[in-house]
Amino acid sequence: MKTLRNLIVLLVALAVSQSAMAWSLWGHHISAYIAEKHLTPEAKEKCEHYLKHNLPHYSSWQDYWRHSDPFKEISYWHSSYVNKEFDVIGYKGDKTRDAAYQVARITKEMSKGKYKNMSDSLVAVNLKLLIHMVGDMHCPSHAVHTKDFGLRGHSIYVKGKKVSRHSFWDRSPQYMHPKWKADRFVKAYDTYTPKEIKKICKGDAYKWSVQNGHSILKTYEYWDKGAEFTKLSKEQRKQIDETLHEQLAFAGYRLAATLNKIFSK
Amino acid sequence: MKKISILAFALALIANSALAFNNFGHQAIASLADKYMTDNAKAEVKAILKSDMIRTSTWLNTLRKKPGLAHTNGWHTTTLDANGKSTTTAANDGVVELEKAIAVLRDRANQSDSLVQASLRTVIHLVGDLHCISHIYIEGNEATKGFNYKSWNELTAEGKGFYCSKTFDASWYRLWESRFAGRYSFFTPQYYGDDIDLFANEKKAEYEKGTPRFWVENVGEDVVRALETFQPGAVVPVQMTERQETVHNRCMAKAAYRLAALLNDIFK
């Protein structure tokens with residue numbers, strides 16, 4: 001009985017931890033790498049000044065530090081939640097526990113030169129959070145549709161091993177292109193024109209969250225119950241890749257737009 | 001139980017003969033070193049290697065697997081005395097073999113081409129290895145030879161063990177060899193090399209000074225400091241582990257600056 005209880009505790013712990021991971025290292029690296037290529041010289045210089053590293057270096061910082069005591073609250077900032085009216089409502093209705101809310105908050109608090117009134121360490125932490133959260137809120141498993149949508153995504157099998165829908169999207173870059181490196185992803189995904197990028201970046205984090213809520217609705221239909229990833233049709237794989245392309249590129253462009261706005265002269 | 005003990009012992013042996021910085025880490029060090037080498041040194045190195053530094057940087061790891069060359073396993077580590085001083089003269093110790101290889105390069109006019117090439121490959125690898133914290137042993141301090149501890153939260157570029165859990169077994173070796181460098185293996189060595197080039201404007205000149213023995217003693221100080229946090233069986237909070245990335249990156253940067261300075265001096 002005790003063994004069973006321990007097993008249940010372990011499974012719950014795994015489920016909780018996986019549900020909060022969003023993009024794996026690869027996804028975050030890709031979106032941050034794309035963002036870096038779209039920074040203005042001013043924003044690039046400021047980011048280097050405060051972070052001492054490139055953007056991908058800190059793209060998973062929020063995952064690494066979420067279990068440390070001072071940063072436990074940031075565990076709730078990895079997803080954005082939209083209800084059926086497409087309002088951003090936050091985790092269990094707490095609007096502050098939402099990636100879009102936090103991105104908007106930090107952007108507002110730092111823009112118009114206000115970052116200059118912050119300590120260097122606070123600016124650095126805020127940047128690390130932005131790099132991660134803008135990426136996360138574009139992950140199909142972290143642009144969350146609340147229960148009123150009645151959506152239930154199917155798990156998928158990868159080489160016979162059952163993977164939850166959530167976990168699949170988190171690691172989808174590895175599954176789709178296991179041999180690609182960062183440069184190859186960026187070449188394949190950073191394909192939008194300046195005019196398109198301007199349109200993609202229009203609005204704020206709330207608008208982006210709502211757009212994500214709309215655009216990933218279709219992903220629930222990509223595969224049926226019991227599907228095996230390695231046996232998906234070309235069309236199904238193309239759908240997944242197109243979603244990855246769009247979500248990772250949009251995340252990169254919007255992160256760059258956020259940082260460019262904060263550090264605009 | 002006996003079988004488990006044998007398996008554990010075998011695993012410990014494997015762990016102890018593991019790579020210093022993983023191959024990607026070595027490549028990043030070589031890339032950063034290349035950035036600070038003189039044109040003359042670059043040209044000579046290229047002529048001797050008939051390849052580039054990045055590709056060559058992992059050669060010594062392949063050598064150890066060849067028949068009759070198992071003794072080179074010891075080259076990847078060095079042992080300091082109980083006071084943290086590098087006084088060893090033992091054959092197959094990393095710093096001793098590094099000094100031998102440097103001596104061959106300085107006397108290259110009187111040496112065979114193949115020996116000069118092998119010595120250069122050895123120098124490129126060992127300067128990196130001897131800046132890896134888990135490859136510096138200290139006499140009388142068994143923990144320096146590797147152990148497991150408990151940690152939180154793992155994340156690797158390979159996507160293995162990517163989920164978070166409360167505690168799990170972690171390895172002193174893995175912490176310094178691949179935990180941090182592994183996160184960057186998704187990029188090119190050049191990109192990672194540039195990212196760890198953190199001291200170019202301040203301490204680089206200071207770091208370049210000294211001899212290989214001074215360098216390993218210097219890394220030994222970091223080993224002692226790290227062991228204040230990491231001990232066999234200790235439970236280490238994630239923030240303490242993450243803070244070690246600064247130490248790890250500084251060691252890599254030092255290795256690159258020192259390798260460049262050494263080669264610039266040899267090929268001046």
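Residues numbered from 1 in each chain as written. Chains lettered and ligands numbered in written order. Predicted model: local features only at pLDDT ≥ 70, side-chain atom pairs only at ≥ 80, totals over all residues.

A. Structural view of the overall build of chain A. Within chain A, the regular secondary structure consists of 12 helices and 4 strands. Counting only C-alpha atoms, chain A reaches 55 × 45 × 35 Å along its principal axes. Taking the intrachain contacts of chain A between residues at least 6 apart in sequence as the baseline, contacts between residues at least 24 apart amount to 77%. (Helix = DSSP H or I, 4+ residues; strand = E, 2+ residues; numbered from the N terminus. Contact = placed C-beta atoms within 7 Å.)

B. Spotlight on the overall build of chain B. Within chain B, the secondary structure is distributed over 12 helices and 5 strands. In chain B, which comprises 268 residues, the share counted as buried stands at 44%. (Buried ≥ 20, exposed ≤ 12 C-beta atoms within 10 Å, placed from the backbone.)

C. Molecular detail of the confidence of the model for chain A. Across chain A, pLDDT averages 91, with 91% of residues at or above 70. Below pLDDT 50 for its whole length, residues 1-20 of chain A participates in 12 contacts with residues either more than four positions away or in separate chains. (pLDDT = per-residue confidence, 0-100.)

D. View of helix 6 (residues 94-106) of chain B. All names here are of chain B. Its 13 residues give helix 6 an end-to-end C-alpha distance of 18 Å, which sits within 8% of 18 Å, the value for a rise of 1.5 Å per residue. Among all positions in helix 6, only Gly94, Val95, Glu97, Leu98, Ala101, Ile102 and Leu105 are buried. Projection of helix 6 onto a plane perpendicular to its axis shows the buried side chains occupying an angular sector of 160 degrees, all on one side. Of the surrounding elements, those touching the buried residues of helix 6 are strand 1 (78-80), helix 7 (113-129), helix 11 (212-226) and helix 12 (238-266). (Expected span 1.5 Å × (residues − 1). Arc of directions from axis to C-beta.)

E. Highlighting the nonpolar core. By size, the foremost hydrophobic cluster in this structure holds 133 residues, and its most contacted members are Leu130(A), Ile29(B), Ala256(B) and Leu259(B). Setting aside chain neighbours within four positions, we find Leu259(B) in contact with Ile29(B), Ala33(B), Ile124(B) and Val127(B). (Core = buried A, V, L, I, M, F, W, Y, C linked by C-beta atoms within 7 Å.)

F. Expanded view of helix 2 (residues 23-35) of chain B. When the terminal C-alpha atoms of helix 2 of chain B are compared, their 19 Å separation across 13 residues agrees well with the 18 Å that a helix rising 1.5 Å per residue should span. At its buried positions, helix 2 of chain B is contacted by helix 3 (39-49), helix 4 (53-56), helix 7, helix 9 (189-195) and helix 12 of chain B.

G. Representation of the confidence of the model for chain B. Residues and elements named next belong to chain B. Overall, the predicted model of chain B reaches an average pLDDT of 88, with 87% of residues at or above 70. This model gives residues 1-18 a pLDDT under 50, and the stretch forms 8 contacts once residues within four places in sequence are excluded. A low-confidence stretch, residues 154-165 stays under pLDDT 50, and its non-local contacts, those more than four residues away or across chains, total 29 contacts. As scored by the predictor, the complex reaches a pTM of 0.86 and an ipTM of 0.82.

H. Representation of the sheet that holds strand 3 (residues 148-151) of chain B. All names here are of chain B. The strand order across the open sheet built from 3 strands is 4-3-5, with neighbouring strands paired in mixed fashion. The sheet is open, and its two borders are formed by strand 4 (168-171) and strand 5 (235-236), each paired with just one other strand. With 4 bridges connecting them, strand 3 and strand 4 associate as antiparallel partners. Paired with lysine 150 across the two strands is aspartate 169, which belongs to strand 4. Against the sheet, helix 8 (residues 172-179) contacts strand 3 and strand 4, and its axis sits at roughly 70 degrees relative to strand 4. (Pairing = 2+ DSSP bridges. Axes fitted to C-alpha atoms, helices over the stretch in contact; angles between N-to-C directions.)

I. Layout of unusual backbone geometry. Residue and element names in this part refer to chain A. Residues other than glycine seldom take positive phi values, yet lysine 112 does so here, at roughly 55 degrees. Looking at the secondary structure, you find lysine 112 in the loop between helix 5 (99-110) and helix 6 (120-136). With a phi close to 50 degrees, lysine 159 is a non-glycine residue in the positive phi region. Take lysine 159: it is sitting in the loop between strand 3 (156-158) and strand 4 (161-163).

J. Spotlight on the pairing of strand 3 of chain B. Residue and element names in this part refer to chain B. What you see with strand 3 is a clean split: Tyr149 and Ser151 sit on the buried side and Asn148 and Lys150 on the side with no burial. The sheet contact formed by strand 3 and strand 5 spans 2 bridges and is parallel. From the neighbouring strand, serine 151 faces strand 5, where its bridge partner is valine 236.

K. Inspection of the environment of Tyr58(A) at higher detail. All names here are of chain A. Relative to the assigned elements, tyrosine 58 resides in the loop between helix 3 (41-51) and helix 4 (61-65). The exposure class of tyrosine 58 is buried, given the 23 C-beta atoms found within 10 Å. Remark: the alpha-carbon pair of tyrosine 58 and asparagine 212, spanning 154 residues in sequence, is separated by 23 Å.

L. Here's a closer look at the environment of Phe86(A). All names here are of chain A. Relative to the elements of secondary structure, phenylalanine 86 occurs in the loop between strand 1 (80-82) and helix 5. Classification of phenylalanine 86 as exposed rests on a count of 12 C-beta atoms within 10 Å. Expressed as a C-alpha distance, the spacing of phenylalanine 86 and glycine 160, which sit 74 residues apart in the sequence, is 36 Å. Discounting chain neighbours no more than four positions away, the residues touching phenylalanine 86 are Val210 and Gly213.

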